Amino acid sequence: MTSPSPSKLANAIRFLAIDAIVRATEGHQGVPLGMAEIATALYTRHLKFLPADPTWPDRDRVVLSNGHGSMLLWALLHLTGYEAIGIEQIKTFRDLDSHCEGHPEINPAHGVEVTTGPLGQGIANAFGMAVAEAYLNARFGSALVDHHTYAFVGDGCLQEGVGQEMISLAGHLRLSKLILMWDDNRITDDGSTALSISEDVAERFRVAGWHVQELDGHDLEAVASALAAAKRDPRPSLLACRTVIARGIARLQGQRGGHSARLFAEDAEAARRDLDWPHAPFELPEPVQRAWRDAGRRSAAEHAAWQARRDALPAAERAEFDRVMAGALPAGWRDVLLDFKRRASASAEAQGGILISAEINDRLTELLPERMIGCADLEAPTGHKRRLKAFTAQDRSGAYVHCGVREHLMGAMANGMAAHGGVMPLAVTDLAFADYERPAMRMAALMGLPVKFVFSHDSIGVGKNGPTHQPVEILASLRAMPNLLVLRPADAVEAAECWEMALERRDGPAALVFARQALPTLRRTHEADNLSRRGAYVLAEATGGARAVTLLGTGSEVAVALQARETLQAAGIPTAVVSMPCCERFDAQDAGYRAHVLGRGTVRVAVEAAVRLGWDRYLGERGGFVGMAGFGASGPADALYELFGITPAAVAAEARRLLALPT
Ligand SMILES: Cc1ncc(C[n+]2csc(CCOP(=O)(O)OP(=O)(O)O)c2C)c(N)n1
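Basis of the calculations
Think of each chain on its own: its residues are numbered from 1, step by step along the sequence as written. In keeping with the predicted nature of the model, local features appear solely for residues at pLDDT of at least 70, side-chain atom pairs appear and are counted solely at 80 or more, and the whole-chain, interface and lining totals rest on all residues. To get the side-chain values, all heavy atoms of the structure are used, and hydrogens and water are removed first. A pair of aromatic rings is counted whenever rings of Phe, Tyr or Trp (Trp by its six-membered ring) have centres within 6.5 Å, and the orientation is called stacked for planes under 30 degrees apart, edge-to-face for over 60 and tilted otherwise. Under the scheme used here, helices are H or I runs from DSSP no shorter than 4 residues and strands are E runs no shorter than 2 residues, and both carry numbers assigned from the N terminus. Classification of residues uses two cut-offs on accessible area relative to the type maximum, computed with a 1.4 Å probe and protein chains only: under 20% is buried, over 50% is exposed, and between them is partly exposed. Any Lys NZ or Arg CZ found within 6 Å of a ring centre and within 35 degrees of that ring's normal is scored as a charge over the ring. Residues enter a nonpolar core if they are buried and are Ala, Val, Leu, Ile, Met, Phe, Trp, Tyr or Cys, with the set joined through side-chain atoms within 4.5 Å. Here a residue-residue contact requires only that any non-hydrogen atoms of the pair lie within 4.5 Å. Definition of nearness: a residue and a molecule or strand are near each other if at least one heavy atom of the residue lies within 4 Å of the molecule or strand. Contacts described as polar in this section are N or O atom pairs within 3.5 Å, which, within protein, must combine one atom able to donate a hydrogen with one able to accept it, while residues neighboring in sequence count only if both atoms come from side chains. Areas reported as accessible are Shrake-Rupley estimates using a 1.4 Å probe. Residue values count occlusion only from the protein chains shown. For this classification, the nonpolar set comprises Ala, Val, Leu, Ile, Met, Phe, Trp, Tyr, Cys and Pro, the charged set comprises Asp, Glu, Lys and Arg, and every other residue, Gly included, is treated as polar. One less than the number of residues in a helix, times 1.5 Å, gives the span that helix is expected to have. Any two strands are treated as partners once DSSP identifies two or more bridges connecting them. For helices, the axis comes from a line fit to the C-alpha atoms of the stretch in contact; other axes are also lines fit to C-alpha atoms, and the angle between any two N-to-C directions lies between 0 and 180 degrees. Note that the term roughly parallel is reserved for angles under 35 degrees, roughly antiparallel for angles over 145, roughly perpendicular for angles of 65 to 115, and oblique for everything else. Note on convention: the crossing is left-handed when the near helix lies turned anticlockwise from the far helix by less than a right angle, right-handed when the turn is clockwise. The term salt bridge refers to a pairing of a side-chain nitrogen on Lys or Arg with a carboxyl oxygen on Asp or Glu at a separation within 4 Å.

## Comments concerning the packing of aromatic side chains
Tallied over the full model, the rule gives nine aromatic pairs. Note on Phe15 and Trp277: the rings are 5.1 Å apart at their centroids and 5° apart in plane angle, and the pair reads as stacked. Here Phe15 is found in helix H1 (residues 6–24), whereas its partner Trp277 is found in the loop between helix H11 (265–274) and helix H12 (286–295), with 262 residues between them in sequence. Across the pair, Trp277 and Phe15 agree in class, each one buried. Through pairs of rings, three or more aromatic residues link up here, namely Trp56, Phe140, Trp306 and Phe321. Taking the ring centre of Tyr593 as reference, the NZ or CZ of Arg534 above it sits at 3.7 Å.

What follows is the structure in structure tokens.
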């Protein structure tokens, strides 16, 4: 029996997409119809993958950066034999509980490497995957790690700023195994790309050092040979594929409506006639089905050979490879933190908050070779490089990625690394710039990726750089994000505890927020127990009677609360101080614990050099807040704390006011 023509295979993608979108009454047909030949060339000729073992560590990674075109991915996963994506799933595209969501949602076991939808994120994730691959390749060798990262990308991703950040750094780092397939259809949601862009997009790749090939995206053979050339080239590659959006739907192809205008059964019927596809909806001719299933087994021999190589490794090396790929922590990591904590509590010496984090990380260096640290051009003030080498075009064994001033890319890179597996990404910058990274943080939280977002310079304590560099609302905004653990330690002891919490978290990101200024050690008695783990705890209990006042603080303001407590205690007012490094964890405690910590019936004053939003739930009716009501100012940190009234005297006065005592 003759095998079906490649164009028949491409049309199988088209009709699965058309039928699913018609049934769902919505979806984006532009991508699956326009990229069907490109995808067929990739999956039937080049991709290293095995649907029977979807999480094979050395598989090529595929990212659908234009995630609105999800039916392209669902069709490919179904056709090549991913068990989870049966035809009944395609038939429930966009329904609640369908595996075929409106936009792809991360699930490597189903063949979905990352969640995509916000344009630009996916190609930046792909960049992170390629960095992870290069690092792991340097660490474990090509016998174990040697794969490509492919991304489908639309005009939108390349209009986004993060897209340009990615082009620039990927070219600089010569990430040769990163291959982008651009759906150059010149249409976005608003219509022609000429409405909003006029530069030569491919040229942007060229000047950044990419290998660029321009070709007809409907010429499957041309795509297949361009992919072969891309794999050979030592630079990252762009296939600029000229395509017709929604090709196959005569009424819409090449037009604005091709993007996502509603498809009707009549469109599907017309397409069946035009493309000579006489099969019923959701039905595939057996030879086409078989050819696609064969494509899904193309890499079986490579997979077996890889498995044999892995099995033949010396036991220790195999265990280490398996450990990092599983994201498991090595034995002894907690001891490092415990030891740090013990030393910290024995020393009165105050240290810059962020430098404490740097010190902790330095001590973890030998133990965590999988850790990769990205930093957005703040190496000196954040200090996390220490003994690490830089990851460069020439040396892939460096674990420190100089991201340049590209915070958004850095965050999305970290997500891609975490999704790839085998590396543990940290992303480091100042808290004032967190908003530049925020879209990636949101995706990390949504995907449940264990990325560590490290922030320095967390308040007006930054001082003389002025209000542009002094976050006031950012802590509250980060705390509003579901599934993000926001940790703001008060001293070196809590810093170690917060790092323990961040490292042990597997199902979501942590934001570790540190002061620039020196933090005195407040916990001077060593306790093996991680007190921060419950989110908040009584740091200093009231003495001389039943507690009348509870002072709540985080980070650098816990020291302010402790001084205020001394004043209040001296005035005969029994006062406790609660340190609250993590609101999310505290909120998850049982009511009894929360009431005990917050002090039933006591006056409560929270102090934080940030806005009040979020604090009222702890303050009760007799509560007050000492913090920021607006942006900061330029001046020395101490003067700013005075100016904005974030002082022990102000905290004590607020407590007295609430107790109806003279202030
Ligand atoms: C960051 C972001 N902004 C806006 C959107 C909404 N959106 C979805 S698709 C799209 C147009 C994308 O155009 P293109 O990449 O050319 O896709 P095509 O028209 O080829 O399907 C827009 C604006 C989005 N998904 N993400």
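## Concerning the nonpolar core
Ranked by size, the top nonpolar core spans 120 residues in total, and within it Phe127, Met166, Leu178, Leu180, Trp210 and Trp499 carry the most contacts. Looking at this core, the element that brings in the most residues is helix H6 (residues 121–140), giving 12 residues. Excluding anything up to four places from it in sequence, Trp499 contacts Leu337, Ser357, Ile360, Asn361, Leu426, Lys452, Val454, Leu512 and Phe514.

## Focus on the site of the ligand
Lining the immediate environment of the ligand, one finds 16 residues, of which His68, Gly156, Asn185, Ile187 and His259 sit closest. Contact between the ligand and His68: an oxygen atom at 2.8 Å from a side-chain N or O atom of the residue. A distance of 2.8 Å is found between an oxygen atom of the ligand and a side-chain nitrogen or oxygen belonging to His259. With the chains in place, 74% of the 580 Å² that the ligand exposes on its own is no longer accessible. Sorting the residues of the shell around the ligand by element identifies helix H7 (155–159) and strand S4 (187–188) as the ones contributing at least two each. Along the lines of polarity and charge, the residues of the shell around the ligand split into five nonpolar, seven polar and four charged.

## Overview of the environment of Ala490
Tracing the sequence through the fold places Ala490 in the loop between strand S13 (485–487) and helix H21 (492–504). Looking at Ala490, the relative accessible area reads 3%, which means it is buried. The spatial distance from the C-alpha of Ala490 to the C-alpha of Met580 is 8.6 Å, given a sequence separation of 90 residues. Those residues in contact with Ala490 that sit more than four places away from it in its chain are Leu519, Pro520, Leu522, Gly555, Val558 and Ser579.

## Details of the side chain of Ser98
Here Ser98 lies in the loop between helix H5 (87–90) and H6. Using a relative accessible area of 8% as the deciding quantity, one classes Ser98 as buried. For Ser98, the side chain forms a polar contact with the side chain of Thr92, separated by 3.0 Å. Ser98 has contacts with Gln89, Thr92 and Phe93, leaving out every residue within four places of it along the chain.

## Some thoughts on helix H8 (residues 161–172)
Here H8 contains 12 residues, and its C-alpha end-to-end distance of 17 Å stays within 8% of the 16 Å for a straight helix at 1.5 Å per residue. All buried positions along H8 are accounted for by Val162, Gly163, Glu165, Met166, Ile167, Leu169, Ala170 and Gly171. On its buried side, H8 packs onto H6, H7, strand S3 (178–184), helix H9 (201–207), strand S10 (400–402) and helix H18 (407–420). Once H8 finishes, Arg174 follows within two positions and takes phi at roughly 50°, a positive value.

## Section: the sheet that holds strand S19 (residues 603–607)
The strands making up a sheet associate through backbone hydrogen bonding, with each pair oriented either parallel or antiparallel. Pairing is mixed across the open sheet formed by five strands, whose spatial order is S16-S18-S17-S19-S20. In this open sheet, the two strands that pair with only one neighbour each are strand S16 (537–540) and strand S20 (623–626). Neighbour to neighbour, the strand axes of the sheet diverge by 30° on average, direction disregarded. The pairing of S19 with S20 spans four bridges and is classified as parallel. Across the sheet, residue Val607 finds its bridge partner in S20, namely Val626. This element, helix H22 (residues 557–570), spans S16, strand S17 (549–553), strand S18 (575–579) and S19 of the sheet and lies at about 175° to S18.

## Description of the environment of Arg235
With respect to the element layout, Arg235 can be found in the loop between helix H10 (220–232) and strand S7 (237–242). On the accessibility criterion, Arg235 (29% relative accessible area) is partly exposed. Placed 161 residues apart in sequence, Arg235 and Arg396 show a C-alpha to C-alpha distance of 14 Å. Residue contacts for Arg235: discarding those within four places in its chain leaves Arg174, Leu175, Ser176, Gly209, Trp210 and His211. Here the side chain of Arg235 touches Asp233 through a polar contact of 2.8 Å, side chain to side chain.

## Looking at unusual backbone geometry
The backbone phi angle of Asp377 is positive, close to 60°, even though this residue is not glycine. Within the fold, Asp377 resides in the loop between strand S9 (371–375) and helix H17 (379–382). Using a relative accessible area of 53% as the deciding quantity, one classes Asp377 as exposed.

## Here we look at the packing of helix H16 (residues 353–363) against H21
Where H16 meets H21, the closest approach of the two axes is 10 Å, and the angle between their N-to-C directions is 55°. Taken together, the axis directions place H16 and H21 in an arrangement best described as oblique. Every pair of crossing elements has a handedness; the one defined by H16 and H21 is right-handed. Together, Ile356, Ser357, Ile360 and Asn361 of H16 and Ala492, Ala495, Ala496 and Trp499 of H21 make up the contact between the two elements. Residues belonging to the contact of H16 with H21 are distributed by class as follows: six nonpolar, two polar and no charged.

## A closer look at the side chain of Arg310
Assignment of secondary structure puts Arg310 in helix H13 (residues 300–311). Accessibility expressed as a relative area gives 16% for Arg310, which makes it buried. In this structure the side chain of Arg310 is engaged in a polar contact, spanning 2.5 Å, whose partner is the side chain of Asp322. With residues near it in sequence (within four places) discarded, Arg310 still touches Leu144, Arg318 and Asp322.

## A look at the pattern of salt bridges
Counted according to the given criterion, the structure contains 45 salt bridges. Residue Glu286 is joined to Arg290 by a salt bridge in which the shortest nitrogen-to-oxygen separation is 3.0 Å. Remark: Arg290 and Glu286 occur in helix H12; sequence separation between them is four residues, near one turn of the helix. Among the charged side chains, a network of salt bridges with common partners joins Glu359, Asp362, Arg363, Glu366, Arg386 and Arg387.

## Topic: the environment of Gly111
Along the chain, Gly111 turns up in the loop between H5 and H6. Residue class for Gly111 comes out buried when judged on its relative accessible area of 13%. A sequence separation of 58 residues divides Gly111 from Asp53, and the C-alpha atoms of the two residues are 9.6 Å apart. Residues within four places of Gly111 in sequence aside, it is in contact with Leu77 and Tyr82.

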